Amino acid sequence: MAELSIDFISRTKKLLFKDWDLFADALKSESPVSIRLNPAKADVKKVASFSSVLWNSDGMYLEKRPRFTFDPLFHSGAYYVQEASSMFIGHVLKQYMDGDLKVLDLCAAPGGKSTLLASLMNRNSLLVSNEVIRSRANILAENMIKWGYPNNIVTNNDPAQIGKLHNYFDVILVDAPCSGEGMFRKDEGAINEWSVENVKLCKERQQRILADIWPALKTSGILVYSTCTYNLEENEENVGWIRDELGAEVLPVEIEKGWRISPSFVKEVPAYRFFPYKTKGEGFFCALLRKTEEADDWTDLPKKPKDKGKKMKESLPVEYKNFLLNDKEFSFYTSKERWYAFPASMYDDLSTLRKSLNVMSEGICLGEFKGKDFVPDQSLAMSIYLNKENFIIHDIDWRTAINYLRKEPLALPDQPKGFVLLTYKNMPLGFVKNIGNRANNLYPQEWRIRSSNIPDEPTDVY
Ligand SMILES: C[S@@+](CC[C@H](N)C(=O)[O-])C[C@H]1O[C@@H](n2cnc3c(N)ncnc32)[C@H](O)[C@@H]1O
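Everything numeric here is computed off the predicted structure, so don't read it as measured data.

Focus on the UniProt feature "active site" (unreviewed entry) in the protein
Under the feature "active site" (unreviewed entry), the UniProt entry names Cys228. Contacts of cysteine 228, omitting those with residues within four sequence positions, involve Cys178, Gly180, Glu181, Gly182, Met183, Gly283 and Phe284.

Things to note about the pattern of salt bridges
Applying the stated criterion across every chain, the model contains 21 salt bridges. Here aspartate 327 makes a salt bridge to lysine 328, at a shortest N to O gap of 3.9 Å. Assessed through its relative accessible area of 73%, lysine 328 is described here as exposed. Between arginine 338 and aspartate 377 there is a salt bridge, with the nearest N and O atoms lying 2.7 Å from each other. Here arginine 338, found in strand 15 (residues 338–343), pairs with aspartate 377, found in the loop between strand 18 (373–376) and helix 13 (378–382); they are 39 residues apart in sequence, far enough to count as distant.

Side note on the site of the ligand
In the vicinity of the ligand lie 17 residues, with Cys107, Gly112, Glu131, Arg136 and Asp175 positioned nearest. Between the ligand and the protein, one listed contact pairs an oxygen atom with a backbone N or O atom of glycine 112 at 2.9 Å. If you list the elements that add at least two residues to the shell around the ligand, you get helix 5 (112–120) and helix 9 (196–213). Partitioned by chemical class, the residues of the shell around the ligand number 10 nonpolar, 2 polar and 5 charged.

Regarding empty space enclosed by the protein
Going through the model one piece at a time under the given rule, you end up with 1 cavity of 30 Å³ or more. Quantified by volume, the largest cavity comes out at close to 100 Å³. Among the elements of the structure, helix 6 (134–147) and strand 16 (359–362) are those that each provide at least two residues to the lining of the largest cavity. Tallied by class, residues from the lining of the largest cavity come to 5 nonpolar, 6 polar and 1 charged.

A short note on the UniProt feature "binding site: S-adenosyl-L-methionine" (unreviewed entry) in the protein
The sites that carry the UniProt feature "binding site: S-adenosyl-L-methionine" (unreviewed entry) are, in the present numbering, Cys107, Ala108, Ala109, Pro110, Gly111, Gly112, Lys113, Glu131, Asp158 and Asp175. Relative to the assigned elements, proline 110 resides in the loop between strand 5 (102–105) and helix 5. Excluding its chain neighbours within four sequence positions, the residues that come into contact with proline 110 are Tyr80, Arg136, Ile139, Leu140 and Asn143. As for its position among the elements, aspartate 158 is in the loop between strand 7 (152–155) and helix 7 (159–163). Among the residues examined, aspartate 158 registers a relative accessible area of 41% and is labelled partly exposed.

Digging into the nonpolar core
Side chains that are nonpolar tend, in soluble globular proteins, to be buried together. Within the largest apolar cluster, 90 residues are counted, with the highest numbers of intra-cluster contacts made by Phe88, Leu366 and Tyr462. No other element matches helix 14 (residues 398–405), which puts 5 residues into this core. No fewer than three residues from each of domain 1 (6–295) and domain 2 (391–454) sit in this core. Formed by 41 residues, the second largest nonpolar core is a distinct cluster that contains Tyr168, Ile213, Trp214 and Leu223.

A closer look at the domain arrangement of the protein
By domain assignment, the protein separates into domain 1 (6–295) and domain 2 (391–454). Computed from C-alpha atoms alone, the centre-to-centre distance between domain 1 and domain 2 is 35 Å. Of the residues lining the interface, 14 residues belong to domain 1; the matching set on domain 2 comes to 16 residues. Summing both partners gives a buried area of about 1,200 Å² for domain 1 against domain 2, and 75% of it is carried by carbon and sulfur. At the junction of domain 1 with domain 2, the criterion picks out 0 salt bridges. One can count 2 residue pairs in polar contact (both at pLDDT 80 or more) joining domain 1 with domain 2. For the side of domain 1 that touches domain 2, a count of residues per class yields 6 nonpolar, 3 polar and 5 charged.

A few points about the pairing of strand 1 (residues 33–37)
Of all 5 residues in strand 1, 5 are buried; the element is thus mostly enclosed. Burial along strand 1 is two-sided: Val33, Ile35 and Leu37 facing one way and Ser34 and Arg36 facing the other are all buried. The pairing of strand 1 with strand 3 (residues 59–62) spans 4 bridges and is classified as antiparallel. Of the residues in strand 3, the one forming a bridge with isoleucine 35 is methionine 60. In this structure, strand 1 lies alongside strand 4 (residues 79–81), joined through 3 bridges in antiparallel fashion.

Let's talk about helix 10 (residues 236–247)
The end-to-end C-alpha distance of helix 10, which contains 12 residues, comes to 15 Å, matching closely the 16 Å that a straight helix rising 1.5 Å per residue would cover. Among the residues making up helix 10, those that are buried are Glu236, Asn238, Val239, Gly240, Ile242, Leu246 and Gly247. Elements in contact with the buried residues of helix 10: helix 9, strand 9 (217–227), strand 10 (248–251), strand 12 (272–274) and strand 13 (284–291).

Here is what the cut-offs are and how they apply
- Residues numbered from 1 in each chain as written.
- Predicted model: local features only at pLDDT ≥ 70, side-chain atom pairs only at ≥ 80, totals over all residues.
- Heavy atoms only, no water.
- UniProt positions renumbered as here; feature names shortened; annotations may be inferred.
- Contact = heavy atoms within 4.5 Å.
- Salt bridge = Lys/Arg side-chain N within 4 Å of Asp/Glu carboxyl O.
- Buried < 20%, exposed > 50% of the residue type's maximum accessible area, 1.4 Å probe, protein only.
- Helix = DSSP H or I, 4+ residues; strand = E, 2+ residues; numbered from the N terminus.
- Near = heavy atom within 4 Å.
- Polar contact = N/O pair within 3.5 Å; in protein donor to acceptor, adjacent residues only side chain to side chain.
- Nonpolar A, V, L, I, M, F, W, Y, C, P; charged D, E, K, R; others polar.
- 1 Å grid on protein atoms, 1.4 Å probe; cavity = no way out; pocket = protein on both sides within 12 Å on 5 of 7 lines; lining within 4 Å.
- Points joined across faces, edges and corners; volume = space filled by probe spheres on them.
- Core = buried A, V, L, I, M, F, W, Y, C linked by side-chain atoms within 4.5 Å.
- Domains from an automatic or database assignment.
- Buried area = accessible area lost by both parts, 1.4 Å probe.
- Pairing = 2+ DSSP bridges.
- Expected span 1.5 Å × (residues − 1).

Have a look at this one:
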């Protein structure tokens, strides 16, 4: 491990007192490896023997870090590799998320907490997963498509732009960019980048983000604020600032003693802290607030200069609607030649959001007509609403699956011609178009496995 800065040591010793030595030892130990299962895809019973994350029933620890890239189930969205402490967000929100909600995950890439939120929300709720950095927003969209929930939109906007949607969201999660002290064990870069000055800059940036997004939260709406750092400035001080400057009350969360979660360092600011010498995970901070300030009405919704020309409510032949289970629950529409399905109960929200935000992915992309064919999209293969009965399915072995995910051409001489859905251990991976002597690989080019260092044996994670 890189050497810790003297300033970090002296500041953190002041917070931890006698626990400093335990903390310093824990930083030298190995990070636990954990995954969180997708309850809509993975067979949870099968993995019951794993040691589970205490605060999240879908979370489990692995004994060692496998090469996830070479597990086809990882690419099918059956699980997400997530640090265990941050899974606590699910527990926090479970207590306060009830009914049909509009939820914003403001700083969402690569998607750990957004996938968690998607699994938690009811199907008549809407999840907007946003990431300001374009390249990271692409990764977020990929991960959300793989997770497979249709009630999700991925956007690439600055918080101030989303903040113009006054009084719109019931719940906002700000998992803020921070100085990353809680990641020192996993990421040496965070140690090298750390400085007192950077902590100050992070705190100021966090306040800017919070102030920018605040108007978008409804009165009585819930804000979850989290970081993966330890210092007071970016944590309790910022929560106090939200309470006093923006207008909120800080709410308690029920936790169990055995989880060994540490309380806030400031009595008047209830918060939940994770330290690696007490809990099996990385450093994490989280607090929950309810907006008490009266939110302004939605008056200055910005309009994009030009609507992207989606043709609404055009009719898609029923045979393609039947690609989805419960197709009556969806609105079907085209955009740029592709057909989409979005939960009908939230379709008006999608239209509204599309006018003001830069939408990277939305609902389920079913595919597009090309010549005589309707070419199915990867988003359909990944959807938890995929109606498998309407496809030719071919379950492939591990090596073929890796070749497919590397976007190599395949030969499926025993399969009928046409579009075939490839599965691995019955989990959809994507489509090929079988033309007899070979099968055209339809896996998205930008998602392909690039590493050619393929292990000899399958990587089985569970
Ligand atoms: C802690 S990470 C989010 C991790 C994510 N929530 C997850 O669970 O996978 C913080 C994110 O904030 C983004 N970010 C950086 N500067 C930002 C800004 N000024 N406004 C909003 N987000 C920002 C970063 O690109 C990064 O993706």
